[in-house]
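# Architecture and fold: a report
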Amino acid sequence: MFNGRGMFMKKWFVVLASIFVLLLAGCGAATTNDSGSNTEPLDNQSEPAETPAKKSEPAADAEAPAKPSIILATTTSTQDSGLLDALIPDFEKATGYKVKTIAVGTGKALAMGEQGEADVLLTHAPASEQKLVDNKSVSTYELVMHNDFVVVGPKNDPAKIKGMKSPSEAFKAIADSESLFVSRGDDSGTNKKELAIWKNAGIEPSGKWYQESGSGMGQTLNIASEKDGYSLTDRATFLALQKNLAVEIVVEGEESLLNIYHVMQVNPEKFPKVNADGAKAFSDFMIDPKTQDKIGKFGIDKFGQPLFFPDAGK
Amino acid sequence: MDLILEGLRKAFYMLLTGDPEVFQITFLTLRVSGTATLISLLIGVPLGTLLALTNFPGRRFFISIVNTGMGLPPVVAGLWISMFLWRAGPLGSLDLMYTPTAIIIAQAVIASPIVVALTSAAIQQIDPKLRLQIKALGATKLQYLWFLIKEARFSLLAAVIAGFGAVVSEVGASMMVGGNVKGLSRVLTTATVMEVSKGNFDVAIALSAILVLLAYLTTLGLTILQQKR
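Since we're looking at a predicted model, the values are computed, not measured.

The rules we used
- Position numbers for residues start from 1 in each chain and track the written sequence from start to end.
- The lettering of chains begins at A and the numbering of ligands begins at 1, in the order of writing.
- Only residues with pLDDT of at least 70 are given local features in this predicted model, and only at 80 or more are side-chain atom pairs given and counted; all residues enter the totals for whole chains, interfaces and linings.
- In this description a helix means any DSSP run of H or I spanning at least four residues, a strand means any run of E spanning at least two, and both kinds are numbered starting from the N terminus.
- The burial label depends on the number of other C-beta atoms within 10 Å of a residue's C-beta. Counts of 20 or more mean buried, 12 or fewer mean exposed, and intermediate counts mean partly exposed, with C-beta atoms placed from the backbone.
- Any two residues are considered in contact once their C-beta atoms, placed from the backbone, lie within 7 Å.
- To estimate how far a helix should extend, the number of its residues minus one is multiplied by 1.5 Å.
- Here, a strand pair is defined by DSSP locating no fewer than two bridges between the strands.
- Connectivity within a nonpolar core runs through C-beta atoms within 7 Å, and the core itself is a set of buried Ala, Val, Leu, Ile, Met, Phe, Trp, Tyr and Cys residues.
- The split into domains, and so the bounds of each, comes from an automatic or database assignment of domains.
- The axes are straight lines fitted to the C-alpha atoms, using for helices just the contacting stretch, and the angles between their N-to-C directions are given from 0 to 180°.
- Note on terminology: angles under 35 degrees are roughly parallel, angles over 145 are roughly antiparallel, angles of 65 to 115 are roughly perpendicular, and the others are oblique.
- Each crossing is labelled by how the near helix is turned from the far one, with a counterclockwise turn of less than a right angle marking it left-handed and a clockwise turn marking it right-handed.
- The predictor attaches a confidence to each residue, and that confidence, scored 0 to 100, is pLDDT.
- Any residue that is not Ala, Val, Leu, Ile, Met, Phe, Trp, Tyr, Cys, Pro, Asp, Glu, Lys or Arg is counted as polar, Gly included; the first ten are nonpolar and the last four charged.

For the rest of this paragraph, the subject is the overall build of chain A. The helix and strand tally for chain A stands at 12 helices and 10 strands. When burial is assessed residue by residue, chain A has 45% of its 314 residues classed as buried. Summarising the internal contacts of chain A: among those between residues at least 6 apart in sequence, 75% fall at separations of at least 24.

Structure follows, in structure tokens:
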């Protein structure tokens, strides 16, 4: 009796097991699809000695780096606009490093830097970044590029702010008319800038008309667009998403709306686990004239205007 | 409506042309969630069986904990595992943060209570008289356990389906511990969230269609296995 049942059961387990083996095998094959640098993902934690360093740049970078993986904590705008997708493959090819881009709000990115959980930071909130420079969480602080923030709103413009120059006055008009405003509400660089404008306008935004999305720029713009609300956004994300959005730019151009990006290496003296060489390589790459040139041209083909303006060395 | 049709068209296009990035993401999703489910079975089936067959003080309390664990929110699992895997965390030296392995760990944690609870329920459902009879027929302990597991196989496969379904569809933990790193830890759910953020709704719809198809095919395979006589 047990023999018969045992056979049946064995068959059943063999089938089940083979499904899993198939799953695993299929995926093993897939990892070789990964173009460019081919680190087997699962083995990433063991010392990968064989990250291919393609020698498209002369001498200095000939050898594969000892610690090939870099954690880049950055803002959502650099990812959502597509800039990093355009730049990082060049960097990986030239140096053999593999960048793990963690795209979060600037607040979280800076927090990761302050905890030593990232190797290099690319963010856009100068006032908050200064804190990391002061408490020596970062060892370098380099200007990379800028673009600007713009206030976007529905076409019928219920707060009548279209064409205003001063963002604080525009915000005041939004608050007075209680028109819907969608805030990031996530402590990101854009959120910090928005709160600074409210403060400048002397308004503590609250009430039904003021909604916090708690999500990234792209998602927040989607919400503002769906609900006919106003929002503050960086120009790059807005341009990249414009095709799906029902909101348009209503206020732009004042100097206080400048959006400045810095790259910072997390201080290896404070956090020994930081990949210092990798962070330096990435930071150098971002301010390299060739990269700067590429940043300045990024987006022209698609949007008819650049999304970022290179600033390194200024 | 146009957007939905455009998205579905794109999904077909990406599947037919074999877009390498989409395939890589799809296979990674399968591998990560498949491995996590397998681990949860290795943990869950023995533990669930033990829970069903033994009696110890606090057993009910323990079962209630496991049952609560079935509803463990992925973000909670993600947060706690992040805290362990961060460089400054107790397991920081393993360098697992933002790797597929980290996602596997998180998903195994999410799926295990489901497998434990369903296994334990399945074993308890077996007629005690039958259990007694098997023992009386002189089965060894191993034969006895084998028999129970075999007897409960329908419910056990349901546990596999539930566990896999829970992890393949979760996004919170994968995003937190995996970081959605391109080519490394980007799975279908996190990629979908990102594409929505980027405003690429067509790609997002395509990815979601692939995810649903994947979940369906896997479940279909398991169901056929389950219903086979």
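Right, let's talk about the overall build of chain B for a bit. In terms of regular secondary structure, chain B is built from 11 helices and zero strands. When the backbone C-alpha atoms are referred to their principal axes, chain B occupies close to 65 × 50 × 25 Å. For chain B, the residues scored as buried account for 48% of the 229 residues in total. Taking the contacts inside chain B whose residues are at least 6 apart along the sequence as the reference set, 78% of them involve residues at least 24 apart.

As a further point, take helix H1 (residues 2-16) of chain B. When the terminal C-alpha atoms of H1(B) are compared, their 21 Å separation across 15 residues agrees well with the 21 Å that a helix rising 1.5 Å per residue should span. The inward-facing, buried residues of H1(B) abut helix H2 (20-53) and helix H11 (201-227) of chain B.

Next up on the list: the pairing of strand S2 (residues 98-103) of chain A. Residue and element names in this part refer to chain A. Across the six residues that make up S2, a large majority, six, are buried. Neither face of S2 is open: one carries Lys98, Lys100 and Ile102, the other Val99, Thr101 and Ala103, and all of them are buried. Across six bridges, the pairing between strand S1 (residues 69-74) and S2 is parallel. Opposite Ile70, over in S2, you have Val99 as the bridge partner.

A few words on unusual backbone geometry. Positive phi values are uncommon outside glycine, yet A:Asp157 reaches one of about 45°. Structurally, A:Asp157 is set in the loop between strand S4 (142-154) and helix H6 (167-177).

Right, let's talk about the nonpolar core for a bit. Counting 132 residues, the largest nonpolar core has A:Leu72, A:Val120, A:Leu121, A:Phe282, B:Ala102 and B:Ala106 as its most contacted members. With 16 residues, helix H5 (residues 100-125) of chain B is the single largest residue contributor to this core. Among the domains, domain 1 (63-146 + 260-310) and domain 2 (147-258) of chain A are the pair contributing at least three residues each to this core. Leaving out residues up to four positions away in the same chain, A:Val120 has contacts with A:Ile70, A:Leu72, A:Val263, A:Met264, A:Gln265, A:Val266, A:Ala279, A:Phe282 and A:Ser283.

A few words now on the pairing of strand S9 (residues 258-265) of chain A. Residues and elements named next belong to chain A. Counting buried positions along S9 gives six out of eight residues, so the element sits mostly inside the fold. Sheet topology note: the strand S3 (residues 120-123)/S9 ladder contains four bridges and is antiparallel. Looking at the pairing, Val120 lines up with Gln265 of S9.

On to H6(A). The complete set of buried residues in H6(A) reads A:Pro167, A:Ala170, A:Phe171, A:Lys172, A:Ile174 and A:Ala175. One or two residues past the end of H6(A) sits A:Glu178, with phi positive at roughly 50°.

A few words on the packing of H5(B) against helix H8 (residues 153-168) of chain B. Residues and elements named next belong to chain B. Axis separation between H5 and H8 bottoms out at 9 Å; the angle between their running directions is 160°. Relative to H8, the element H5 lies roughly antiparallel. As H5 packs across H8, the resulting crossing turns out to be right-handed. Only Ser155, Leu156, Ala158, Ala159, Ala162, Gly163, Ala166 and Val167 of H8 make contact with H5, whose side of the interface consists of Gln107, Ile110, Ala111, Ile114, Val115, Leu118, Thr119, Ala121, Ala122 and Gln125.

This part covers the domain arrangement of chain A. All names here are of chain A. Considered domain by domain, chain A is made up of domain 1 (63-146 + 260-310) and domain 2 (147-258). Placing the centre of domain 1 and that of domain 2 at their C-alpha centroids yields a distance of 26 Å. Counting residues at the interface gives 20 residues for domain 1 and 17 residues for domain 2. Put simply, the parts of the chain that give the side of domain 1 that touches domain 2 at least two residues each are helix H2 (76-80) and helix H4 (106-115). When residues of the side of domain 1 that touches domain 2 are assigned to their parent elements, the largest contribution, three residues, is made by H2.

Residues and elements named next belong to chain A. Residue-level pLDDT values for chain A average 83, and 80% of them are 70 or greater. Within chain A, S3 carries the highest mean pLDDT (97), whereas helix H1 (residues 2-31) carries the lowest (46). Contacts of residues 1-10 to residues separated by more than four positions or lying in other chains number five contacts, the stretch itself having pLDDT below 50.

This part covers the packing of H8(B) against H11(B). Residue and element names in this part refer to chain B. Put simply, H8 and H11 touch, their axes get as near as 10 Å, and they point 175° apart. Relative to H11, the element H8 is oriented roughly antiparallel. Touching Phe154, Leu157, Val160, Ile161, Phe164, Gly165 and Val168 of H8 are Leu214, Ala215, Thr218, Thr219, Leu222, Leu225 and Gln226, all from H11. Taken together, the residues that form the contact of H8 with H11 break down as 10 nonpolar, four polar and no charged.

A word on the environment of B:Glu195. Its location among the elements puts B:Glu195 in helix H10 (residues 188-197). In this structure, B:Glu195 is in contact with B:Asn200, B:Val203, B:Ala204 and B:Leu207, ignoring residues within four places of it in sequence.

Residue and element names in this part refer to chain A. Tracing the sequence through the fold places Thr106 in helix H4. Once the C-alpha coordinates of Thr106 and Thr220 are considered, the two residues, 114 residues apart in sequence, prove to be 15 Å apart. Among residues more than four places away in sequence, those in contact with Thr106 are Thr75, Thr123, His124, Ala125, Ser188 and Gly189.

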